[in-house]
Amino acid sequence: MSPTSYWHGPGTAAESVAQLRAVLAAARPGWPGRAVYALTSLPLGAAYLGLFAGLVASAVAVVYGVGVVLVLLLLGATRGVAGMERRLARHLLGVDVPDAQRVRDQRGVVRRVRRLVLGADTWRAVGWLGARVLLAAGTLATLLFGGAAVVALGWEVDWNAVTALPLLALVAAVAGGTLAVVDLHVRLAARVAARLLGAAPEQRIAELQQSTRRLADRNRLARDLHDTIGHALTASLLQATAARRTLTPAGDRPLQPDFARQALGHIETNTRTALAELDRVLSVLRTDEEAAAGGSFAAPSLADLEGLLAGLRDGGLPVALVLDGLADDGADDVPPALQELVYRVVQEGTTNVLRHAGCPLTVVQVVHSGGVLLARVCNERASQLDSRPGPGGGRGLAGLRERTAAAGGTLTAEPTPTGGFELCVTLPVTAAA
Amino acid sequence: MTGTPLRLVLVDDDVLVRSGLRVILEGEADLTVVGDAGTGREALEVAARSDPDVVLMDVRMPDMDGIAATAELVARDPQRPRVLVLTTFEDDDYLFRSLQAGASGFALKRSDPDELVDAIRVVARGTSLVLPDLTRRLIASHVPGRTRGAAALPDLTAREADVLRLVAGGLSNAEIAARLHLSRETVKTHVSGVLLKLGARDRTQAVIAAYESGFMAL
C-alpha cells in the first residue's frame with residue numbers, strides 16, 4: 001500500500017471533517033463528551049452567574065422603572081441560552097431534549113411578552129442556568145481541592161525510596177477520586193437537564209389537545225362534505241343519468257321530456273346548494289390557513305345564518321330569517337357549540353325543504369329567551385308536483401337529534417296541519433355548555 | 001336468465017335518488033321496480049308487500065338505517081330478497097357493517113348505469129362477487145387480523161378449500177372452472193357445499209367468514 005492512501009491531501013478536507021464527526025458521534029454519550037461538558041461548564045457557569053447578577057440587578061431597577069426592558073431582554077437571553085444548552089446536552093450527554101416552542105411563534109407583542117414572562121419553560125430555563133452555576137461551582141471546588149491535594153502530596157511530603165510507591169498510589173487515588181466526583185456532577189446535570197430542559201407537561205398537553213382538536217375539525221369537515229356536497233352531487237348525477245335516458249330513443253322505451261325538464265330543475269337547485277356549501281367550506285379552510293397556527297377550522301355560527309339563507313334564496317327558495325332575543329353582534333352570550341348546532345339544524349331543515357318540497361315559502365326563526373334557545377324551520381305546503389312529505393327528516397337529522405340530546409335539548413320534525421313541514425329544536429343555554 | 005324480470009325495491013331517503021334510479025332501471029327489459037321506500041322501516045313494509053328479488057339499499061337513513069333493515073330482511077328470510085347496498089363513498093365505515101349484516105354486495109351510486117344494472121344481475125344470480133376487488137379489500141381491511149389457520153373452518157374438502165380461496169379472490173364460477181379445469185356445474189356444486197358448511201347465504205358472506213376465521217389472510 002502506498003503512503004498516499006494515508007494522506008488524503010487538502011482536497012478531501014470534507015472527508016476528514018466527516019471522519020472527525022463520526023469519531024465524535026461515536027464518543028458522544030461516553031466519557032469524552034462528559035469531559036468536554038465538565039470543562040465547558042466552568043466558563044459557562046461564570047457567564048450564567050453574570051446573567052443572574054444582571055437579572056437581580058434589573059429586578060431591583062424595576063423599582064425605578066427602567067428595569068422592565070432589561071428584565072425582558074435578560075429573560076429572552078436566558079431562553080436563547082437554554083436553546084444552546086439543549087444542543088450541548090443532546091450532543092455531549094446524549095440526553096434527548098426536544099426544542100421548546102418559540103416565543104416568536106406567538107402573534108402580537110403582548111402575547112409574546114406574556115409567553116416570555118409567564119411561560120413555565122422560561123422559568124425552568126432560569127432554574128436550569130442556576131443549576132449550571134451550582135454544578136460549575138461544585139466542579140470548580142472539586143478540581144481545586146483535588147489539585148491542591150495533589151500539589152501538597154507532591155511538594156510538601158518527603159518522597160524517598162520507601163514512601164514513593166504508596167505516595168504515588170495516593171496521588172493516583174486523589175486524582176481518580178476528583179475526576180469521579182466531577183463525573184458525578186456531569187451525570188447529575190444530565191438527569192436535571194432532562195427535567196428542566198425537556199418538554200413541559202403543559203406544553204405536551206397543549207400539543208396533544210391541539211392535534212385532537214384538529215382531528216375532530218377535520219372529521220367534522222369530512223362529514224359535512226359527505227352530507228352536503230357528496231349527497232347533492234349524487235342526486236344530481238342520478239337525475240342527469242335518468243334524464244339523458246328519457247331523452248334517448250331506444251327500443252320500445254318512451255321519451256319522457258317532462259321528467260327530463262323536472263330533473264334539470266332538480267339538478268340546478270342541487271348544484272346551487274352544493275356550490276354554496278363548497279363556498280362556505282373553502283372560506284373556512286382559507287380562514288384557517290390565514291390563522292396559521294391558530295389550529296381550528298372556524299365552526300359556523302349564528303352570524304353565518306344570513307349567508308346560508310342568501311345562498312338558498314339564490315337557489316330559488318323564498319326564505320325569511322327572524323331573529324329574536326339575540327345580541328346584534330352575533331349572539332356572544334350563546335356558546336359557540338350551540339351556535340353551530342343551530343346552524344346545522346337550519347342547514348338541514350332548509351336543505352330538506354328543497355329536497356322534498358321544492359321551493360315553498362319558508363321561515364327560519366331563532367329565538368333566545370329565558371335561558372332557552374329555540375330554532376325553527378317551517379315551510380308552507382309543497383309547491384313541487386312530484387314531491388312527497390319528507391320521510392321524517394334527511395340523513396343528517398339522526399345525527400342532529402343525537403347532538404341535540406347530548407346538549408340537553410329536544411328536536412322535533414313533523415308535518416304541519418296545513419300540509420307543510422316543521423323542524424324545531426330547543427336547547428338550554430348555560431354558560432358552561 | 002328467465003323470462004320474468006327481476007323485481008326490485010329502491011330504498012333511499014332522497015326522492016331525487018329514487019326517481020333517478022327508477023327511470024334508469026325501468027329502462028332495462030329484465031328489471032322492474034316494484035316499490036320504493038325512504039326509510040329502513042318503510043323498506044321492511046314495502047319488501048313484505050311486494051316480494052322483490054333484490055333490494056337496493058341506502059346505508060344512512062333516518063328511522064332505521066340500511067344496516068338494521070338489511071339484518072331484519074335477512075332474519076326474515078335468508079334467501080330472498082338479496083340486498084345490494086348503494087353507497088356514495090367506497091371507504092364508508094358503514095359499508096363493511098352492512099355486508100356483515102347480510103348484504104350480498106355493494107355498488108357505488110356514481111357508477112355507470114350499465115355497471116349498476118350488471119351489479120343487480122350478479123347479486124340476483126349469485127355466481128360471482130360484485131366489485132370483487134373493492135369487496136375483498138373492504139373485507140380484508142375490516143376483519144381484525146387473525147393468524148392463518150385453515151383448521152378454524154369446518155372440514156372443507158381439499159377441492160372445496162381451493163374453490164373458497166378462488167371465490168375469496170373474487171373469481172366467478174366460470175373463471176374458477178377454467179382455473180381448476182372443472183365443469184361449471186361441478187364448481188357450482190362445490191360452491192354450494194362451501195356455503196352450506198360455512199352457513200353462509202352467499203359468496204360475500206363466505207368471503208367474510210373466510211377472512212374472519214383466518215382461512216384467508218392478508
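Before any of the text, the structure's been laid out above.
Read on for a plain summary of the structure. (Residues numbered from 1 in each chain as written. Chains lettered and ligands numbered in written order. Predicted model: local features only at pLDDT ≥ 70, side-chain atom pairs only at ≥ 80, totals over all residues. Heavy atoms only, no water.)

1. Here we look at the environment of Q239 of chain A
All names here are of chain A.
Working step 1: By secondary structure assignment, the location of Q239 is in helix 7 (residues 201–247).
Working step 2: Residue classification places Q239 among the buried residues on the basis of a relative accessible area of 1%.
Working step 3: Put simply, Q239 and A263 are 24 residues apart on the chain and 5.4 Å apart in space, counted from C-alpha to C-alpha. (Helix = DSSP H or I, 4+ residues; strand = E, 2+ residues; numbered from the N terminus. Buried < 20%, exposed > 50% of the residue type's maximum accessible area, 1.4 Å probe, protein only.)

2. Brief notes about the sheet that holds strand 1 (residues 6–11) of chain B
All names here are of chain B.
Working step 1: Ordered in space as 2-1-3-4-5, the 5 strands form an open sheet in which the pairing is parallel. Looking at the sheet topology across the chains shown, the edges are occupied by strand 2 (31–37) and strand 5 (105–108). Strand-to-strand twist in this sheet, taken as the mean axis angle between neighbours without regard to direction, amounts to 25 degrees. (Pairing = 2+ DSSP bridges. Axes fitted to C-alpha atoms, helices over the stretch in contact; angles between N-to-C directions.)

3. Quick look at the environment of T418 of chain A
All names here are of chain A.
Working step 1: With respect to the helices and strands, T418 occurs in the loop between strand 4 (410–415) and strand 5 (421–428).
Working step 2: T418 sits in the partly exposed class, given a relative accessible area of 48%.
Working step 3: The spacing of T418 and R381 is 37 residues in sequence and 6.6 Å in space, taken between C-alpha atoms.

4. Details of the side chain of R82 of chain B
Working step 1: Residue placement: R82 of chain B occurs in strand 4 (residues 82–87).
Working step 2: Every residue in contact with R82 of chain B, bar those within four places of it in the chain, is listed here: D53, V54, V55, S104, V123, A124, R201 and D202 of chain B. (Contact = heavy atoms within 4.5 Å.)

5. With respect to a nonpolar patch on the surface
Working step 1: Taken together, the side chains of V56, V60, V63, Y64 and V66 of chain A make up a nonpolar region of the molecular surface, amounting to roughly 580 Å² of accessible area.
Working step 2: Position of V60 of chain A among the secondary structure elements: in helix 2 (residues 31–62). (Patch = residues over 30% accessible without salt bridge, like charges linked within 9 Å, V, L, I, M, F, W, Y side chains within 5 Å. Areas by Shrake-Rupley, 256 points an atom, 1.4 Å probe, with all protein chains shown as cover. Salt bridge = Lys/Arg side-chain N within 4 Å of Asp/Glu carboxyl O.)

6. Remarks on the state of the cysteines
Working step 1: With the rule as written, the count across this model stands at 0 disulfides over all chains.
Working step 2: Unpaired in this structure, C378 of chain A has its nearest cysteine sulfur neighbour in C424 of chain A, at a distance of 9.3 Å. (Disulfide = S-S within 2.5 Å.)

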